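Chain by chain, the residues:
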Amino acid sequence: MPPQQPPPNHSVARTSLPGNPLAPAAARRFVRAALADWTGLALPAAAAITERVADDAVLVVAELVTNAVVHAGTTVELLFRLEEPDADQPAALVLEVSDHHPTRTVRSEHPAAEDGGGPEEYGRGLLLVAALAECWGITYRPGLKTVWARLPLDGWDTCPVPGTEPAIQRGLRAAEILAPAPRRPVRDDQEWAGSGALTFLAEASDLLAGQLDEDLVAALAGQLLVPRLADWCAFWLEGDGGEGPVAAPRLARVWHADESAIEPLRAALHKEPPPAPDAGHGGPVPVRWPDPGGHGEGDGDGTALACRLAVGGRGLGTLMLGRRGTERIPDAVTALVEDFARRVALAIGAARRYARQATISRVLQRGLLPSQVAQIPGVASCVVYEPSDDGLAGGDFYDVFQAAAPAAGTGFGTGTGVGLGALPDPHPGTDPLPDALPSTGPVPGTGPVPGTGPVPGTGPLPGAGPHPGAADRAPAGGAVAPAEPGSAAQGGGGRPGRWCFMLGDVQGSGPEAAVVTGLARPWLRLLAREGHRVGEVLDRLNRLLLDDATEAAEAAALVVAAAGGPDPQPPSTHLTQSRFLSLLYGELTPLPPEEGGGARCTLACAGHPLPLLLRPDGTVAPVAVPQVLLGVVDDVAYESHTFHLAPGDTLLCVTDGVTERRSRAGRMFDDEDGLAQVLAGCTGLTAQGVADRIRQAVHAFGEGPVADDLALLVLQARERPA
């Protein structure tokens, strides 16, 4: 009964909607607003509008508008009417959805698919309308087609199910209508003989390219194959054994169009894997269908193919796929599977090469970094190290180790300063030294490092002799008090020892940076254990880096000349600067309680972000001055500074991966003393807590992953028992 002009006592709301995907949402909002208006006006029939009726009306209008947009694509006219009860009809809500494409019929039936597998996926909206409405229909007028539905307000039960609540009844009925019926995929194998195959292969290549995990490659490949080319597939991957024996293939992935059949199929394939095809066969070969008893569905046999996955004549695994209910897979599909398997093999090979490179990098990184950091008496420490790329060795390095005690007369006096200003330096740019520095003689109280000896084929370490000009650089007038026998300064029984720490960043990353890291850290350890002071250690390391760069440049020039290039020239300035690094290096001497506790810290900073000292009262200040990078110029004397790391003080050392972390707007993390502000908020935290707080702040500052290696070292003085 198509509605005509509404009677005067009926409330009507109208709107016009565009024929686009936004129309259903707009229709739902329109119906909700109309119901709210009618209820607010206290219309007699509006008192019967319940939440159930409102939900039904919203669902019906959404389905009708969606049907109009999909099948007509024209502007949609929506009329929503509240009918008051009369002698013949109870109160009701009437929905009318009109489009301007009357020549296209509305299909509410479900014609069977060509393969007899079930209904197609259209017309479900009208089935839902029929289940929820008391009556509905379609009216055709010139240039207009209207689908209408009437929903009564008198408690009409659309789908009674004995023994259930009305809301559950409606939910079960709607779920039954909207749930997609399982059916077999409809395949058109003719499309694989033309451009369809090229499109499929292009899509597969784009999806598989760049995948760095072989199991993920197999998973993606399975979802590409099923159900377009096969009903199920499986991937066996062989171990990457190099030149040694190859391990038995493992079943890496099983995929089925019916997910409930995956595990039974996996069990059947585990029980009886297919024989590996000959890599030289040149294409997929027929194999026996898996045991129907293990298949789970028992829906009959089909055709199965196995294809070898190989790259460069080396087998990587086997792909197996099957189609039900067919005795032969078309040649076009077989050829496509062969091309697809070749692309899968290339992706697996690339993933394995990346995995090998990442493994080598991790092993190299473990060799370049200490296996553990030394425990300093009275000082808690925490290190955070995160390389930016797991596949490359990072350029940042760190170390905390115990050094041999210095020779008699080279220790500090008992006086300590607080802050940098409390330690006047009579000779800026130098370390305070005694009148004579016996750096070439044996260190009293120490012997050779256990497990070490002369390295065959090597001579003395370059630059490890007496420091040039050491006597000239010593302050006059005894600026440093001589150590008393047996005192903490001399290194006798009362001296707790010296601990050294470093945090460095080599130019670049990858193998080139690893070479410099592999040189710098052992050199620093050796120079420290020979008794050299902090500034001297940096002086000598700088000279070693310059000498090594010069030798490398000379060797490169000779190679060019041997290959017929120009005559070798003296190494230029830019060649001798190819191996430089920034470094923060220092030493800690724990102090007994009678000397204030904590530790005496001496450090120097060469082109590195300055370390920050956090006091217990929340004040933060840098405790070093910036100096030139190591490995850049040779006529430089590095300056060290000494301060008292009192109990409760926290020293934070970071690399530029922390300070130069960028936000989306391009602002750096340490702009306007951002790092100091975050550190000031760490008052009262442990060394581990400070490290975690700084790390979290760095990661939260930018949106993406950290682009540079991230390293930080936290040293915190604690109260020590007397």
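In this text the structure is predicted, and so the values were computed from the model without any measurement.

Some details on the overall build of the chain
Thought 1: In terms of helices and strands, the chain carries 15 helices and 20 strands.
Thought 2: For the chain, the proportion of its 722 residues judged to be buried stands at 45%.
Thought 3: In the chain, of all internal contacts separated by at least 6 residues, the share reaching a separation of at least 24 is 71%.
Thought 4: Taken as a whole, the chain presents about 34300 Å² of accessible surface, with 56% of it coming from carbon and sulfur.

Examining the pairing of strand S5 (residues 144-152)
Thought 1: Where burial is concerned, most of S5 is hidden: eight out of the nine residues are buried.
Thought 2: For strand S3 (residues 92-99) and S5, the ladder comprises eight bridges, and the chain directions are antiparallel. Bridge pairing in S5 links Asp99 to Lys145.
Thought 3: Summarising the sheet, strand S4 (residues 135-141) and S5 pair through seven bridges and their orientation is antiparallel. Looking across to S5, one finds that Gly137 is bridged to Trp148.
Thought 4: Taken together, S4 and the strand that follows it, S5, pair antiparallel across an intervening segment of two residues, in which Gly143 is found at a positive phi of about 75°.

A look at the pattern of salt bridges
Thought 1: Taken as a whole and assessed by the stated rule, the structure comprises 27 salt bridges.
Thought 2: For the salt bridge of Arg308 with Glu238, the shortest nitrogen-to-oxygen distance reads 2.5 Å. Residue Arg308 is found in strand S9 (residues 302-311), and its partner Glu238 is found in the loop between strand S6 (232-237) and strand S7 (250-256); the two are separated by 70 residues along the sequence.
Thought 3: Linked by salt bridges that have partners in common, Arg81, Glu83, Glu96, Glu134 and Arg150 make up one network.

Here's the deal with the packing of aromatic side chains
Thought 1: Tallied over the full model, the rule gives five aromatic pairs.
Thought 2: Here Phe200 and Phe340 contribute two aromatic rings whose centre-to-centre distance is 5.5 Å and whose plane-to-plane angle is 40°, an arrangement assigned as tilted. Of this pair, Phe200 sits in helix H5 (residues 195-208) while Phe340 sits in helix H9 (residues 331-368), and the two are 140 residues apart along the sequence. Phe340 matches Phe200 in its accessibility class, with the two residues each being buried.
Thought 3: Between Tyr385 and Tyr398 the ring centres are 5.9 Å apart and the planes differ by 50°, which places this aromatic pair in the tilted class.

Some thoughts on the sheet that holds S3
Thought 1: Strand order in the open sheet made by the five strands is S1-S2-S3-S5-S4, with antiparallel pairing throughout. Strands at the two margins of the open sheet, each flanked by one partner only, are strand S1 (11-17) and S4. Sheet twist, expressed as the mean angle between neighbouring strand axes with direction ignored, is 15°.
Thought 2: With respect to the sheet, helix H1 (residues 23-40) is in contact with S1, strand S2 (76-83) and S3, its orientation differing from that of S1 by roughly 160°.
Thought 3: Packed on one face of the sheet, helix H2 (residues 51-71) meets S1, S2, S3 and S5 and runs near 10° to S3.

A look at the pairing of S9
Thought 1: Of all the 10 residues making up S9, seven are buried; the element is thus mostly covered by neighbouring parts of the structure.
Thought 2: Both S9 and strand S10 (residues 314-324) contribute to a ladder of 10 bridges, which runs antiparallel. Along S10, the bridge assignment pairs Leu305 with Leu321.

Points about the nonpolar core
Thought 1: Core analysis: the largest hydrophobic core is formed by 52 residues, its most contacted members being Phe501, Leu583, Tyr585 and Leu651.
Thought 2: The element best represented in this core is helix H11 (residues 511-529), accounting for seven residues.
Thought 3: Setting aside residues no more than four positions away along its own chain, Leu583 makes contact with Phe397, Met502, Leu503, Gly504, Leu524, Leu538, Leu541, Ala604, Cys605, Ala606, His608 and Leu630.
Thought 4: Counting 50 residues, the second largest nonpolar core, distinct from the first, contains Leu208, Leu224, Trp236 and Leu336.

Some thoughts on the sheet that holds S10
Thought 1: Taking strand neighbours across the sheet as the criterion, the five strands line up as S7-S6-S10-S9-S8 in an open arrangement whose pairing is antiparallel. Looking at strand neighbours, the two that pair on one side only are S7 and strand S8 (285-287), the edges of this open sheet. Taking the axes of each pair of neighbouring strands and ignoring which way they run, one obtains an average angle of 25° across the sheet.
Thought 2: Across the sheet, H9 lies against S6, S9 and S10, angled at about 40° from S9, the strand it touches most.

Side note on helix H15 (residues 687-701)
Thought 1: Its 15 residues give H15 an end-to-end C-alpha distance of 21 Å, which sits within 8% of 21 Å, the value for a rise of 1.5 Å per residue.
Thought 2: Looking at H15, one finds that the buried residues are Ala687, Val690, Ala691, Ile694, Ala697 and Val698. Along H15, the residues classed as buried sweep out an arc of 135° about the axis, all on the same side.
Thought 3: For H15, the elements touching its buried residues are strand S11 (379-386), strand S19 (650-654), helix H13 (656-659), helix H14 (674-680) and strand S20 (710-717).

Some words on the packing of helix H6 (residues 214-225) against H9
Thought 1: Between H6 and H9, the shortest axis-to-axis distance is 9 Å and the interhelical angle comes to 160°. As the angle between them shows, H6 and H9 are arranged roughly antiparallel. For the pair H6 and H9, the sense of crossing is right-handed. For the pair H6 and H9, contact is made by Glu214, Val217, Ala221, Leu224 and Leu225 and by Phe340, Val344, Ala347, Ile348, Ala351 and Arg352, respectively.

Considerations on the environment of Val58
Thought 1: Along the chain, Val58 falls in helix H2.
Thought 2: On the basis of relative accessible area, Val58 is assigned to the buried category, the value being 9%.
Thought 3: Each C-alpha atom of the pair Val58 and Arg29 lies 8.3 Å from the other, and the pair is 29 residues apart in sequence.
Thought 4: Excluding anything up to four places from it in sequence, Val58 contacts Arg28, Val31 and Arg32.

Quick word on the packing of H1 against H2
Thought 1: Remark: H1 packs on H2, axes separated minimally by 8 Å, with the N-to-C direction vectors making an angle of 150°. Looking at the two axes, H1 sits roughly antiparallel to H2. Between H1 and H2 lies a crossing whose hand is right-handed. Between H1 and H2, the contacting residues are Ala23, Pro24, Ala27, Arg28, Val31, Arg32 and Leu35 on the first element and Glu51, Ala54, Asp55, Ala57, Val58, Val61, Ala62, Val65, Thr66 and Val69 on the second.
Thought 2: When grouped by side-chain class, the residues that make up the contact of H1 with H2 number 12 nonpolar, one polar and four charged.

Concerning the environment of Ala252
Thought 1: Inspection of the secondary structure puts Ala252 in strand S7.
Thought 2: Take Ala252: its relative accessible area is 18%, and that puts it in the buried class.
Thought 3: For the pair Ala252 and Leu237, spaced 15 residues apart in sequence, the C-alpha to C-alpha distance is 6.3 Å.
Thought 4: Leaving out residues up to four positions away in the same chain, Ala252 has contacts with Asp215, Phe235 and Leu237.

Quick word on unusual backbone geometry
Thought 1: Of note, the bond from Val226 into Pro227 is cis; its omega dihedral lies within 30 degrees of zero at 5°.
Thought 2: Along the chain, the position of Pro227 falls in the loop between H6 and S6.
Thought 3: Unlike most non-glycine residues, Ala42 shows phi in positive territory, near 60°.
Thought 4: Mapped onto the elements of the fold, Ala42 is located in the loop between H1 and H2.
Thought 5: Look at Ala42 and you get exposed, because its relative accessible area is 63%.
Thought 6: Phi at Glu672 is positive, roughly 55°, even though this residue is not glycine.
Thought 7: Examined against the element boundaries, Glu672 turns out to sit in the loop between H13 and H14.

Reading the values: rules and limits
Residues numbered from 1 in each chain as written. Predicted model: local features only at pLDDT ≥ 70, side-chain atom pairs only at ≥ 80, totals over all residues. Heavy atoms only, no water. Helix = DSSP H or I, 4+ residues; strand = E, 2+ residues; numbered from the N terminus. Buried < 20%, exposed > 50% of the residue type's maximum accessible area, 1.4 Å probe, protein only. Contact = heavy atoms within 4.5 Å. Areas by Shrake-Rupley, 256 points an atom, 1.4 Å probe, with all protein chains shown as cover. Pairing = 2+ DSSP bridges. Salt bridge = Lys/Arg side-chain N within 4 Å of Asp/Glu carboxyl O. Phe/Tyr/Trp six-rings, centres within 6.5 Å; stacked < 30°, edge-to-face > 60°. Axes fitted to C-alpha atoms, helices over the stretch in contact; angles between N-to-C directions. Core = buried A, V, L, I, M, F, W, Y, C linked by side-chain atoms within 4.5 Å. Expected span 1.5 Å × (residues − 1). Arc of directions from axis to C-beta. Parallel < 35°, antiparallel > 145°, perpendicular 65-115°, else oblique. Left-handed = near helix turned anticlockwise from the far one by under 90°. Nonpolar A, V, L, I, M, F, W, Y, C, P; charged D, E, K, R; others polar.

None of this, on its own, says anything about what the molecule does.
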